[in-house]
Amino acid sequence: DDKLLTEPLSHPDFFSVKELFTLKDLFDARVHLGHKKGCRHRFMEPYIFGCRLDQDIIDLDQTMQHLQLALNFTAHVAYRGGIILFVSRRRQFCHLIESTARACGEYAHTRYWQGGLLTNAHVQFGPGVRLPDLLVFLNTLNNVFEPHVAIRDAAKMSIPTVGVVDTNCNPCLITYPIPGNDDSPAAMELYCKLFRMTIVRAKDKRRQSEAIEELR
Amino acid sequence: VRLICTTTAVQRKNAGASGPEKYTEAFIKKQIEEFNLGKRHLANMMGEDPETFTQEDIDRAIAYLFPSGLFDKQARPMMKHPNEVFPEQRKIQWGEDGRPFHFLFYTGKQSYYSLMHETYEKFLNVQKHQDQLIAQGLPLQKEKRNLAGSRWLTKIELEEMLLEKLSDDDYSRFIQLLQKLAALPCADVEENYIQKFSKEVPVQLQKVVIEPLQYDEQGVAFSTGEGKRKTARATAVVYDNGTGKITVNGTDILHHFPVLQDREQLLFPFQFLGRIGKHDMVCTVSGGGRSAQAGAIRLASAKALRSFVTEKEVEFMRQAGLLTVDPRVKERKKPGQEGPRRKFTWKKR
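Residues numbered from 1 in each chain as written. Chains lettered and ligands numbered in written order. Predicted model: local features only at pLDDT ≥ 70, side-chain atom pairs only at ≥ 80, totals over all residues. Heavy atoms only, no water.

A.B. asks: What's the story with the overall build of chain A in this structure? I'm lost.
C.D. replies: From N to C terminus, chain A includes seven helices and eight strands. A burial count over chain A gives 50% of its 216 residues as buried. Excluding contacts between residues fewer than 6 apart, the proportion of contacts in chain A whose partners are at least 24 apart in sequence is 66%. Roughly 10400 Å² of accessible area belongs to chain A as shown, and the carbon and sulfur atoms make up 54% of that amount. (Helix = DSSP H or I, 4+ residues; strand = E, 2+ residues; numbered from the N terminus. Buried < 20%, exposed > 50% of the residue type's maximum accessible area, 1.4 Å probe, protein only. Contact = heavy atoms within 4.5 Å. Areas by Shrake-Rupley, 256 points an atom, 1.4 Å probe, with all protein chains shown as cover.)

Written as structure tokens, this is what we have:
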């Protein structure tokens, strides 16, 4: 059991997450497109490649690195049987994200976030609830273009976060930010596909390793 | 002086009263065992067979052994199955390892949001189907759903269905989504799903049946009508091929209603239809005063005239107010006042 948990941590890319996407995939899904120069957030400047005709272009090399780290982390969390909660507040993609979460066997919250969900969980749900071990933000902003409350709450409850940050978002409190476009349907479908594939892979690997251990 | 910070002692008003007890499964099981044992003892005491001792027998036995004169039936001693006594608790929503069962558990309102998710999925399905039909060039089926005969579930019914509390906003959003789904041309694909949330409304349109004309011995057509106003009740029989003679309680109209206003009221239905000299009327009336009796006979005669007249004219009569019962009655006197509305004279000192 100990070996099951420590073995993946010794490899840098145990779940071979790098094979899931290429730069061309990201480009085709229009991940590099950001918002206009006026919407730019101060802390997103390191991730921006440049600006063309007032529209910001996100640096896809950095995105690749961040995406690889984030997917690796999600895979490890899924391997150890952690609860992953997909959060977004975009009505367009609400259905897509919920279906993705259901397909993975994980959880989603794309609706109105009630204040005490994470911080007051024992009162809201009942004693003995297990909080999510990872929050994945596919849209960091809520409907009023402000940072989602869950980022702050997760930081308060020491829950790691993975989030797709666009050029108008604040990447500060997110543990594994992924600079990228969060507005076009193609980009969102790509992210959902990637997360679904990593989680499914990680869970399969876990089941295989457990089967092998039992056979011994 | 507003108390800004309160101590815990003040917040817990009654130290002895705790919240609703959480009934564990073991507790409920023990209660069920005790109930079954008690049932057998009771059957033994009453001299009946313990195997075939039903709930009704238990109730009768308890009523016999513990007679109580209390008025409130729920305060009397009772012996019921623990499942009926202890309210149903929301079962634990997560498994042994702590992972919740439902994928929308962390939203707080899992059944409501999963319902919205499903409905939206059906919506997308219908749209896809529609797109396929358009691509193939086939016509879209447009069978008009009978909206008049059905209604959507009410908020309370939906709450019962989902076993969860809803807010008004949530409910209205769900209904709007259902309406959007039902309004699509190809919505009959998901007809089964929509029918789960709609209920038949018993057709309340009491189509007022206009009775056909009856014929008496001479072959003269006549029809009857009943009317009321305040405390007066009247029945009128209107005969065709008449001269405009009106008889009330056996006496002539001039004898019964000396005042012109009352006679005008009686003639109004005929004047409205332009049939003043064409009908005869015989009516009986009792109760009320002079005006009330006149109003009652007016209503009765208007109802009787419906059989002689086209539907359009009936609609005109209805709009003129000839066929509506006047609901005004004498308002009661209230204590502390001199009359129904008049207050006692206000004296400054």
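A.B. asks: Just checking my understanding: could you explain the sheet that holds strand S3 (residues 55-58) of chain A for this structure?
C.D. replies: Where strands meet in a sheet, backbone hydrogen bonds hold them as pairs that are either parallel or antiparallel. Residue and element names in this part refer to chain A. The three strands are arranged S1-S3-S2 in an open sheet whose pairing can be described as antiparallel. Bordering the open sheet on either side are strand S1 (33-36) and strand S2 (48-52), each of which pairs with just one other strand. Strand after strand, the sheet turns through a mean of 30° between neighbouring axes, direction not considered. Here four bridges tie S2 to S3, and the two strands are oriented antiparallel to one another. Residue pairing in the sheet places Gly-50 in a bridge with Ile-57 of S3. (Pairing = 2+ DSSP bridges. Axes fitted to C-alpha atoms, helices over the stretch in contact; angles between N-to-C directions.)

A.B. asks: I tried to follow the sheet that holds strand S7 (residues 251-252) of chain B on my own but got confused; where do I start?
C.D. replies: Residue and element names in this part refer to chain B. Taken together, six strands build an open sheet; the order of strands is S3-S4-S5-S8-S6-S7 and the sheet is mixed. Each edge of the open sheet carries a strand with a single partner, namely strand S3 (214-215) and S7. Direction of pairing for strand S6 (residues 246-248) relative to strand S8 (residues 280-286): parallel, over a ladder of three bridges. Counterpart to Thr-247 in the pairing with S8 is Val-282. With respect to the sheet, helix H11 (residues 290-305) is in contact with strand S4 (221-229), strand S5 (232-239), S6 and S8, its orientation differing from that of S4 by roughly 140°.

Nothing here speaks to function; it is all geometry.
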